[in-house]
6 protein chains.
Amino acid sequence: MPYVNIKITREGGPDGRGPGPEDKTRLIAGVTDLLQRVLGKDPSTTFVIIEEVALEDWGIGGLPVPEYRKARS
Amino acid sequence: MPYVNIKITREGGPDGRGPGPEDKTRLIAGVTDLLQRVLGKDPSTTFVIIEEVALEDWGIGGLPVPEYRKARS
Amino acid sequence: MPYVNIKITREGGPDGRGPGPEDKTRLIAGVTDLLQRVLGKDPSTTFVIIEEVALEDWGIGGLPVPEYRKARS
Amino acid sequence: MPYVNIKITREGGPDGRGPGPEDKTRLIAGVTDLLQRVLGKDPSTTFVIIEEVALEDWGIGGLPVPEYRKARS
Amino acid sequence: MPYVNIKITREGGPDGRGPGPEDKTRLIAGVTDLLQRVLGKDPSTTFVIIEEVALEDWGIGGLPVPEYRKARS
Amino acid sequence: MPYVNIKITREGGPDGRGPGPEDKTRLIAGVTDLLQRVLGKDPSTTFVIIEEVALEDWGIGGLPVPEYRKARS
C-alpha cells in the first residue's frame, strides 16, 4: 500500500521540456519494483505520481534553480 | 482546521480533459460537508485542493495508467 | 485512480487525542463514495490517507491554532 | 534539511495569472532565510517548491474560491 | 533537484512496527540511484522522505486497510 | 489562500528532539507575514503545517541523514 510522489524540475528530455513517456515509464517501474524487493509491497496497490515543477518555482540555497546554477558556475 | 488534497487522473469531464467546474464544486462541497458531519470541522477553515495528474504521470502496478489499463483489458 | 490526503488537527475523539477508528472509517467511506458518485472513480483504486497534526504544528492567521483560538475568543 | 511546499491560488502578478519571477524569488529567499534564522537550517539543503492552483480547484467554506468570494462580498 | 515522498503502511519490519533502518537505507539508496540512472539527477540534491502511516489511517476500496484485507480474505 | 507545508528533520530544540513551541510560533508568524508582504495574501486564510521527520527517514545524497553527515565529516 505505498504511495510515492516524485517531484522533479521540468527540464531535459526529448525537447528540453521534461522527461518523455519512456523515462517516466522507467521511473514508475523502477520505484514499484524497489518497493516490492525491499519491503515486499504489492505492485497492484502501489501508486507513483510524477510532478514536474518549473525551474523558477523550485528554490535551493535561497535562490530559484536558474539563479542557483548561475551563482555556482 | 482540515486540509484536503485530492489528486485525480486528468480524464473524463465535458471535453475528456478532466472534470468541469460543476463536478469540482460538488467535490469541494461534499468533502467539506463530510468533515463537518463526521468530525464537526468548521467549513470556514476547511481547505480543499484538487490536482489533476496526466495519465502518463500516474503509475499503478508498475505501469503508467494507460499501459496498466491496456494490460488488464 | 484518486489519491486523497486529509490533514486534520489532532483533537476531539473518544479521548481528546483525535478521532477514533469509527470516525476514520466513516471519513474513508464517505470520501471514496463521493469520488465514485461525482466522478465515477473506482473505489478499488482510491487511496485515502488521514494525517493528524498537533495543534502547535498548525498555523492560521499567523498563529499556532491554540493561540489563534485564544485571540478570537 | 528543510523542504517547504507553498501552494497559492493562481491570481495577481504582472498579468493576473500568478506572481512573476521576482515575487517568487523573494518568497524563496524569505522562507530560506527564516529557516536559517529561527532553526539554523543550512540554505544549501533547503528546498522550496511553489505550486499555483487554479481558483476553481481551491475550495474554502465548501465553495470554490470564486463562489466563496462572491458569497462574502 | 528531485524530491521524493514515500508513504507506506506502518507494518512489517523487525518488530512488526514498520521497516527497520536497513530497509529504509536501501529504499533511499535505490530511489536516488534510479533518478540518477534514468534522468541524470544529481544525488547531492535528491531528497527522499519516508513516512509511515498507521493501518487505520490508510483507506482503500472505501475501507481502512485492516477491514479491506479482512473483506478480501 | 496559501497553504504552506514545512518538513524539517526532528533534531535540535530544547531537548534535542525538535524545535520547541516558541520556534514553531516564530516560523508560523514569519511565513504568514512573508506571504502577506510579498503577495498580499490574507493571514486569516493562510495555513502553515509543520511536520518533523526522523533523521533515518530523510535521505540526501543516497543516504539517510545520519550516514550522510558521517560521510561528509
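Residues numbered from 1 in each chain as written. Chains lettered and ligands numbered in written order. Predicted model: local features only at pLDDT ≥ 70, side-chain atom pairs only at ≥ 80, totals over all residues. Heavy atoms only, no water.

Quick look at the relation of the copies chain E and chain A
Superposition of chain E onto chain A requires a rotation of 180° combined with a translation of 0.0 Å along the rotation axis, giving an RMSD of 0.0 Å. The relationship between the two copies is best expressed as a two-fold rotation axis. Taking C-alpha positions as the reference, the residue of chain E nearest the rotation axis is Asn5 of chain E, at 2.6 Å. Same-surface contact between copies: 100% of interface residues of chain E are shared with the interface of chain A. (Least-squares fit on C-alpha atoms with pLDDT ≥ 70 in both. Contact = heavy atoms within 4.5 Å.)

Remarks on the UniProt feature "active site" (unreviewed entry) in chain A
Using the residue numbers shown here, the UniProt feature "active site" (unreviewed entry) corresponds to Pro2 of chain A. If you trace the backbone, Pro2 of chain A turns up in the segment before strand E1 (3-9). Look at Pro2 of chain A and you get buried, because its relative accessible area is 0%. Those residues in contact with Pro2 of chain A that sit more than four places away from it in its chain are Leu35, Lys41, Thr45, Thr46 and Phe47 of chain A, Phe47 of chain C together with Lys7, Ile8 and Trp58 of chain E. (UniProt positions renumbered as here; feature names shortened; annotations may be inferred. Helix = DSSP H or I, 4+ residues; strand = E, 2+ residues; numbered from the N terminus. Buried < 20%, exposed > 50% of the residue type's maximum accessible area, 1.4 Å probe, protein only.)

Some words on the sheet that holds strand E1 (residues 3-9) of chain F
In spatial order, the strands read E4(A)-E3(A)-E2(D)-E1(D)-E1(F)-E2(F)-E3(C)-E4(C); together these 8 strands make up an open sheet with mixed pairing. Of all strands in the sheet, those with a lone pairing partner are strand E4 (63-64) of chain A together with strand E4 (63-64) of chain C, marking the two edges. Here strand E3 (residues 58-60) of chain A pairs with E4 of chain A via 2 bridges, running antiparallel. Residue Gly59 of chain A lies in a different strand from E4 of chain A, and its bridge partner there is Pro64 of chain A. Of the strands in this sheet, E3 and E4 of chain A, strand E1 (3-9) and strand E2 (47-53) of chain D together with E1 of chain F are in contact with helix H1 (residues 21-39) of chain D, which crosses E2 of chain D at around 135°. (Pairing = 2+ DSSP bridges. Axes fitted to C-alpha atoms, helices over the stretch in contact; angles between N-to-C directions.)

Remarks on the UniProt feature "domain: 4-oxalocrotonate tautomerase-like" (unreviewed entry) in chain A
In this structure's numbering, the residues bearing the UniProt feature "domain: 4-oxalocrotonate tautomerase-like" (unreviewed entry) are residues 2-65 of chain A. With 31% helix and 30% strand, residues 2-65 of chain A has its two end C-alpha atoms placed 30 Å apart.

Describing the interface of chain E and chain A
Accessible area lost upon the coming together of the parts serves often as the stated size of an interface. Listed as interface residues are 27 residues of chain E and, on the opposing side, 27 residues of chain A. Between chain E and chain A lies a buried interface of about 2300 Å² when both sides are counted; carbon and sulfur atoms form 72% of it. Counting across the chain E and chain A interface gives 2 salt bridges. Between Lys41 of chain A and Glu11 of chain E there is a salt bridge whose closest N-O contact spans 3.9 Å. Secondary-structure elements contributing two or more residues to the side of chain E that touches chain A are strand E1 (3-9), helix H1 (21-39), strand E3 (58-60) and helix H2 (65-72) of chain E. Among the elements that make up the side of chain E that touches chain A, the one with the highest residue count is H1 of chain E (10 residues). Looking at side-chain class alone, the side of chain E that touches chain A contains 16 nonpolar, 4 polar and 7 charged residues. Note: E1 of chain A against E1 of chain E, 5 bridges, orientation antiparallel. Directly across from Ile6 of chain A, in E1 of chain E, lies its bridge partner Val4 of chain E. (Buried area = accessible area lost by both parts, 1.4 Å probe. Salt bridge = Lys/Arg side-chain N within 4 Å of Asp/Glu carboxyl O. Nonpolar A, V, L, I, M, F, W, Y, C, P; charged D, E, K, R; others polar.)

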